[in-house]
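Here's the letter readout for the chains.
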Amino acid sequence: MASKKPAKKPIANVPSLKKAAGKRGDLKARADFSNGGYAGGVFSQFEGAKFSNKRQWVNTPFPADFKKVMTTYDRQELTRKMRWLSVNSGLVRQMISDYALYSVGDGIKAQPSTGDAAWDKLAHKYFTDWGNRPCEITNRYNFSECQTIVCKRIDIDGEIFVLKTFTPEGNPLLQLIESHRVGTTNYSGNVPEGLVDGIMFNKYGAVVGYNVIKSDGDTRLVSAPSMMHVHNPEQVTGARAYSPIQHSLNAIIDNLEMMSLEREAQKANADIVRTITKESGQFAGDVADFQAFNMRPQDYAVYGNNSNNVYNNPQEVGSFIGGKILALAPGEKLESHTSTRGNENFQTFMDFNNRDSSGGVLPYEFVCNPSEVSGPGVRLVTSKAQRQFEARQKVLIDRFCNPVYYYVISKAIANGELPPNDNFHRVNWVTTRKVTVDAGRDATANQRDIQMGLKTLSDHFAEQGMDFYEEVDRRIQEQKYILDKAKEAGVEPWRIYMPQNAQIPDIDGDISAQESAPEADDEGFTPLTK
């Protein structure tokens, strides 16, 4: 009986081959360069991956975890420049202001939605009362002001940290911590394992703590559940965030420098207004010199033998006749600098730089110059801007508003100030009114949707930036007040809120609705109901 030959092992599982290949470096070389790497840079079928002497080398590291790509220096340098631009650049200030104005407005407001109307009303009142008072640790800002600050820090620093803390009595408080207060500056080379630029990670990459730098230079490691890291997430392997405007830093600084130089050139050109040609090249201060400017020398006294007095010092003369006066000797010629940069081409170049700077943030036409577009273009620009504001609102709600609401309401339940509710975490948020260029058209469509039942009143109020509970309560109070006052005065209620004799067409302007409208009485008034 023939013996069976042993099955051949795969080459990859043969230890000797592995060892030999490892010594030669064949496997590593094949893995690194055969289908990519440096060889691929020359022979790659992707044009964007090829080396070329026709364009500059993009001096950036090869792909790696973002924790390593963006160093602490990179983040701090971006933050330093962005903070400078946020107080010196009109374009940057406008973008930051627009984000806060249209994303936050007068505040993003909570609307509890547990399904228990009575409990929702209690929670709404409790959280609203808490948010209307100063609710952060310095006792200066209420909740809507904190939202504005957080929104602006996202644009300037790229991030902000918010600590959930409490008063000595146990009431919830917030502490806003700017990005420079989280870091590893107190560790001189001996950074604990897992601590990356102020954030502590476990071996699975989950955040477990934040290293907060206190005013005295000491640090405190705050546990992750107690801290909110509010930023616009863009990376999976990153630790910290950067400003969404950081790509425009150099272009905006260049614009500021060019504008400064242009202003200086214009000022210098306008500063020299007169020239005098003299044989000596000096302003002697004699009668002829003064008469040239309709001035009398006796009105300006000579102070001793001082050679720098007004008689022979053209700069002193210029101080009381305006502008600078230069005395030129025969043959000398003064050529005034005339700038050719302050023209249409220069303006076009500056506009291009501003447009490029606002790209990826907000539409240039929305921020700077809406006159360049009209009609459908305006609607497109407005729609794109509104999408950006909605994206920012979602970041604020998910990373700031929701955690704050959960913290405040759970504290209230734990302290016995609110009854327990298993669904206490269910909440909707009312944002500021949407940006629109067709207010009348949108209002007509909105009325139609409500009448047809396609939209609820809560949806309508939310789109207008109003709170459903507050508006319904206000309507009830107003209606009750009108009814009481009408009964007290002995008049029909409709005479108060509709005193004019006007027919009520439907929203499409169709007068057919008048057929079923109540008839006017003898005094010429048309009631809403018979």
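**Student:** Which residues make up the pattern of salt bridges, and what values go with them?
**Tutor:** Under the defined criterion, the tally for this structure stands at 16 salt bridges. Close ionic contact of Arg83 with Asp157 constitutes a salt bridge, the shortest N to O distance being 2.7 Å. Of this pair, Arg83 sits in helix 5 (residues 72-88) while Asp157 sits in the loop between helix 8 (143-156) and strand 2 (159-166), and the two are 74 residues apart along the sequence. With relative accessibility at 25%, the residue Arg83 sits in the partly exposed group. Taking relative accessible area as the criterion, Asp157 reaches 1% and is therefore assigned buried. The partner of Lys480 in a salt bridge is Asp484, and the shortest N-O contact between them spans 3.1 Å. On the criterion of helical spacing, the pair formed by Lys480 and Asp484 is a turn pair, its members being four residues apart in helix 17 (residues 468-489). Since its relative accessible area comes to 41%, Asp484 is described here as partly exposed. The structure contains a network of salt bridges with shared partners spanning Arg75, Glu159, Asp197 and Arg240.

**Student:** Give a detailed account of the pairing of strand 3 (residues 172-177), specifying residues and quantitative values.
**Tutor:** Across six bridges, strand 2 lies against strand 3 in antiparallel orientation. By the bridge assignment, Lys164 is partnered in strand 3 with Leu174. Counting the residues between successive antiparallel strands, the hairpin from strand 2 to strand 3 contains five residues, one of them, Gly170, with a positive phi of roughly 95°.

**Student:** Describe in detail the packing of aromatic side chains, supporting the description with residues and values.
**Tutor:** Here the structure, examined in full by the defined rule, presents 15 aromatic pairs. Here Trp130 and Phe143 contribute two aromatic rings whose centre-to-centre distance is 5.9 Å and whose plane-to-plane angle is 55°, an arrangement assigned as tilted. Separated by 13 residues along the polypeptide, Trp130 in helix 7 (residues 117-132) and Phe143 in helix 8 bring together distant segments of the chain. Residue Phe143 is classed as buried on the basis of its relative accessible area, which comes to 4%. Three or more aromatic residues joined by ring pairs make a cluster, and in this case those are Phe127, Trp130, Phe143, Phe400, Tyr405, Tyr406 and Trp429. Note that Lys67 overlies the ring of Phe201, its terminal NZ or CZ placed 4.6 Å from the centroid. Against the face of Phe166 rests Lys411, its NZ or CZ located 4.9 Å from the ring centre.

Analysis parameters
- Residues numbered from 1 in each chain as written.
- Predicted model: local features only at pLDDT ≥ 70, side-chain atom pairs only at ≥ 80, totals over all residues.
- Heavy atoms only, no water.
- Salt bridge = Lys/Arg side-chain N within 4 Å of Asp/Glu carboxyl O.
- Helix = DSSP H or I, 4+ residues; strand = E, 2+ residues; numbered from the N terminus.
- Buried < 20%, exposed > 50% of the residue type's maximum accessible area, 1.4 Å probe, protein only.
- Pairing = 2+ DSSP bridges.
- Phe/Tyr/Trp six-rings, centres within 6.5 Å; stacked < 30°, edge-to-face > 60°.
- Lys NZ or Arg CZ within 6 Å of the ring centre and 35° of its normal.

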